[in-house]
Amino acid sequence: MSGNVTIPNDQYLQGMICDPSEYLLQSSLHSSAVHCLTRGQSIGLTIISESGFISLFAVLYVFYIIFGNAYRHARTTSGKDWRFIQEPMDVFMLSLFAADFLQALGAVLDIKWINEGVVEVGSFCTAQGVIQQLGETGVAITTMAIAVYTFVLLRWNLPDKVNHGHGIFVSVFVVTAIWLFILVMVIAGNVINGSELYQQPTPYWCWIGGQYQGMRIAGEYAWFWITLGVSLILYVTLFLWSMGNVNFSATSWWKMAVLRRPNNTEDFAKRGKPWDMLAYPIVYSILILPLSIVRWITFNSDSALSGASTSAVTMVVLSIYGLSGFFSVLLLLLTRPDTLLFGRAVPTPVRGRAPSLHHEPSSNVEVYPVHDTIQRGPRLPSLLGADSQHSLQSVSSV
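Rules used throughout
Residues numbered from 1 in each chain as written. Predicted model: local features only at pLDDT ≥ 70, side-chain atom pairs only at ≥ 80, totals over all residues. Heavy atoms only, no water. Helix = DSSP H or I, 4+ residues; strand = E, 2+ residues; numbered from the N terminus. Buried < 20%, exposed > 50% of the residue type's maximum accessible area, 1.4 Å probe, protein only. Contact = heavy atoms within 4.5 Å. Areas by Shrake-Rupley, 256 points an atom, 1.4 Å probe, with all protein chains shown as cover. Phe/Tyr/Trp six-rings, centres within 6.5 Å; stacked < 30°, edge-to-face > 60°. Core = buried A, V, L, I, M, F, W, Y, C linked by side-chain atoms within 4.5 Å. Disulfide = S-S within 2.5 Å. Patch = residues over 30% accessible without salt bridge, like charges linked within 9 Å, V, L, I, M, F, W, Y side chains within 5 Å. Salt bridge = Lys/Arg side-chain N within 4 Å of Asp/Glu carboxyl O. Axes fitted to C-alpha atoms, helices over the stretch in contact; angles between N-to-C directions. Parallel < 35°, antiparallel > 145°, perpendicular 65-115°, else oblique. Left-handed = near helix turned anticlockwise from the far one by under 90°. Expected span 1.5 Å × (residues − 1). pLDDT = per-residue confidence, 0-100.

Peer 1: Can you help me understand the overall build of the chain in this one?
Peer 2: Broken down by element type, the chain carries 12 helices and eight strands. Within the chain, buried positions represent 46% of all 398 residues. Across the chain, every contact between residues at least 6 apart in sequence was considered, and the portion connecting residues at least 24 apart equals 74%. Accessible surface, the chain as shown: approximately 21300 Å² in total, 65% of it carbon and sulfur.

Given below as structure tokens:
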């Protein structure tokens, strides 16, 4: 049958390389199993894959730093005195980077479709759809959890109270619940609808098919929008609080006073850096808003944007969204440089004599400079602020 099918010349001019049988299947009104890529769509997917590679390498480098420093800690410190998870934020950041890794990996898998010139159903298509949903939903919900955690931490002034015991337990419980929910959504959707092309070309890569809009919303879209709204509300409130324009009630958790002018008698330096509060919703808005707008426009029909505009606009916003992992790493470096073993010095035991029990230095004991007794692993840029660097220099000069 495919021998009697010819691909129109205008499709060849657009750079289609699929064979006649694949083109016939794509042209069928009753099939979403195959999509033949044009030259422009292949170029767009290449850019999306490159964005995915940037995020993937950024996240892998962070994991290299984390586990390299963890190995040095474990080797040089007593097991009773050291834990890999030092505080609740470590748990959330590990979850975020795991989700960023999966999201970036899903984008990188587009290389197969670029190489073959056609997106089609199959085991690889299903794997990409599952990885995309795990990563994208994981990033969204974990980002919202970090926003809520940060707000609770600063609203009730709890930094010294949550780093031990129940704080870490609660964060582990929350992260576990997040991933269990995502797994249930992914497994349920694929098991119930697996024989009905649940994961299919959409059309430039594989994801949940258009006939399953309810699963798209519940399993991913809703969390994009909820996270964006929650992040804007909480971080903007914290920004105003750090500037002194908001005061929280000491007696009621939900009450706060909005001030036109800050109270000059209060030391606002203790409330943190205000622009750090806005960095998260601004970056997340830049990543999510363009994608959400395009998804809303094409929600019921991919033809809502005319002709090549649909693919071109989609490729642009997905290329921006593909940098999510890179921006997560960047925000971590700029606003939370001491999270996940970053900048934590690893003491190296001094070889030779064991330390004396007496406080007085003995004349036959060799004294090492401070910088020789501290072993640091690979360092990411801007891990030490000016205050920390000044402190180290002061110690070294003693």
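Picking up where we left off.
Peer 1: Looking at this model, I keep getting lost on the packing of aromatic side chains. Mind explaining?
Peer 2: Note on aromatic pairs: each is described by the distance of the centres and the angle between the planes. For the structure shown, the criterion picks out 15 aromatic pairs. Each ring, one from Phe-151 and one from Phe-248, has its centre 5.9 Å from the other, and the planes form 85°; the classification is edge-to-face. One end of the pair, Phe-151, is in helix α6 (residues 123-155); the other, Phe-248, is in strand β5 (residues 246-248), with 97 residues separating them in the sequence. Grouping residues by exposure puts Phe-151 and Phe-248 together as buried. On the basis of an interplanar angle of 75° and a centroid distance of 5.5 Å, the ring pair of Phe-181 and Trp-223 is categorised as edge-to-face.

Peer 1: Quick question: what am I supposed to make of the nonpolar core here?
Peer 2: Side chains of nonpolar character tend, in soluble globular proteins, to be buried together. Counting 68 residues, the largest nonpolar core has Leu-45, Phe-97, Trp-113, Trp-205 and Phe-224 as the members making the most contacts within it. Top contributing element to this core by residue count: α6, with 12 residues. Apart from the residues within four sequence positions on either side, Trp-205 is in contact with Leu-45, Ile-48, Asp-110, Trp-113, Val-119, Gln-128, Gln-132, Gln-200, Thr-314, Met-315 and Leu-318.

Peer 1: Any chance you could explain unusual backbone geometry here in plain terms?
Peer 2: Most of the time, phi is negative for any residue but glycine, and the peptide bond is trans. Pro-203 follows Thr-202 through a cis peptide bond whose omega is -10°. Within the fold, Pro-203 resides in the loop between β3 (199-201) and β4 (206-208).

Peer 1: Explain the state of the cysteines here, please?
Peer 2: By definition, a disulfide links the sulfur atoms of two cysteines through a covalent bond. All told, the structure shown has one disulfide when counted by the stated rule. Here Cys-125 is linked by a disulfide to Cys-206, with a sulfur-sulfur distance of 2.0 Å. Judged by the sign of its S-S torsion, about -110°, the bond between Cys-125 and Cys-206 is left-handed. Taken as a pair, Cys-125 in helix α6 and Cys-206 in strand β4 lie far apart in primary sequence, 81 residues in all.

Peer 1: Looking at this structure, I do not really get a nonpolar patch on the surface. What am I missing?
Peer 2: Residues Val-148, Val-152, Trp-156, Trp-253 and Trp-254 make up a contiguous nonpolar surface patch of roughly 560 Å² in combined accessible area. Tracing the backbone shows Trp-156 in the loop between α6 and α7 (166-193).

Peer 1: Explain the pattern of salt bridges here, please?
Peer 2: All told, the structure shown has one salt bridge when counted by the stated rule. Here Lys-112 ties to Glu-116 by a salt bridge, and the two come within 2.7 Å at their closest N and O atoms. Of the two residues, Lys-112 and Glu-116 are both situated in helix α5 (residues 110-116); the distance of four residues between them amounts to about one turn of the helix. Here Glu-116 falls in the partly exposed class, since its relative accessible area comes to 31%.

Peer 1: Sorry if this is basic, but what is going on with the environment of Ser-51 here?
Peer 2: For Ser-51, the location among the structural elements is in helix α3 (residues 39-76). Taking C-alpha positions, Ser-51 is 8.9 Å from Ser-324, a pair spaced 273 residues apart along the chain.

Peer 1: I tried to follow the environment of Ala-58 on my own but got confused; where do I start?
Peer 2: The residue Ala-58 is located in helix α3 in this model. C-alpha separation for the pair Ala-58 and Phe-327, spaced 269 residues apart in sequence, amounts to 9.0 Å. With near-sequence residues (within four places) excluded, Ala-58 lies in contact with Phe-326 and Val-329.

Peer 1: What am I meant to see in the side chain of Gln-128 here?
Peer 2: Topologically, Gln-128 is positioned in helix α6. In this structure Gln-128 touches Gly-106, Leu-109, Asp-110, Trp-113, Trp-205 and Cys-206, once residues within four positions along its chain are discounted.

Peer 1: What is the right way to look at the packing of α6 against α7 in this model?
Peer 2: When two helices pack together, their arrangement is captured by the angle between the axes and the distance separating the axes. Put simply, α6 and α7 touch, their axes get as near as 10 Å, and they point 150° apart. Accordingly, the angle class assigned to the pair α6 and α7 is roughly antiparallel. For the crossing formed where α6 meets α7, the hand is right-handed. Within the contact between the two elements, α6 uses Thr-126, Val-130, Gln-133, Leu-134, Thr-137, Gly-138, Ile-141, Thr-142 and Ala-145 and α7 uses Val-174, Ile-178, Trp-179, Phe-181, Ile-182, Leu-183, Met-185, Val-186 and Asn-190.

Peer 1: Sorry if this is basic, but what is going on with helix α4 (residues 88-108) here?
Peer 2: The α-helix advances 3.6 residues per turn, and as a result positions three or four apart in sequence lie on the same side. Here α4 spans 31 Å end to end across 21 residues, near enough to the 30 Å set by a 1.5 Å rise per residue. Counting buried positions along α4 gives 17 out of 21 residues, so the element sits mostly inside the fold.

Peer 1: Would you explain the packing of α4 against helix α11 (residues 324-335) in this entry?
Peer 2: As a packed pair, α4 and α11 sit with axes 9 Å apart at the nearest point and diverge in direction by 155°. With respect to α11, the element α4 is oriented roughly antiparallel. Handedness of the α4/α11 crossing: left-handed. Across from Met-93, Leu-96, Phe-97, Asp-100 and Gln-103 in α4, the residues of α11 making contact are Ser-324, Gly-325, Ser-328, Val-329 and Leu-332.

Peer 1: Help me understand the environment of Phe-53 in this model?
Peer 2: Residue placement: Phe-53 occurs in helix α3. Residue classification places Phe-53 among the partly exposed positions, given a relative accessible area of 28%. Not counting chain neighbours up to four residues away, the residues in contact with Phe-53 comprise Val-108 and Ile-111.

Peer 1: Quick question: what am I supposed to make of the confidence of the model for the chain here?
Peer 2: A low pLDDT means the predicted coordinates there should not be read in detail. In this model, the chain carries a mean pLDDT of 75, and residues with pLDDT of at least 70 account for 66%. When the criterion is pLDDT under 50, residues 344-398 qualifies, and its contacts beyond four places in sequence or with other chains add up to 57 contacts.

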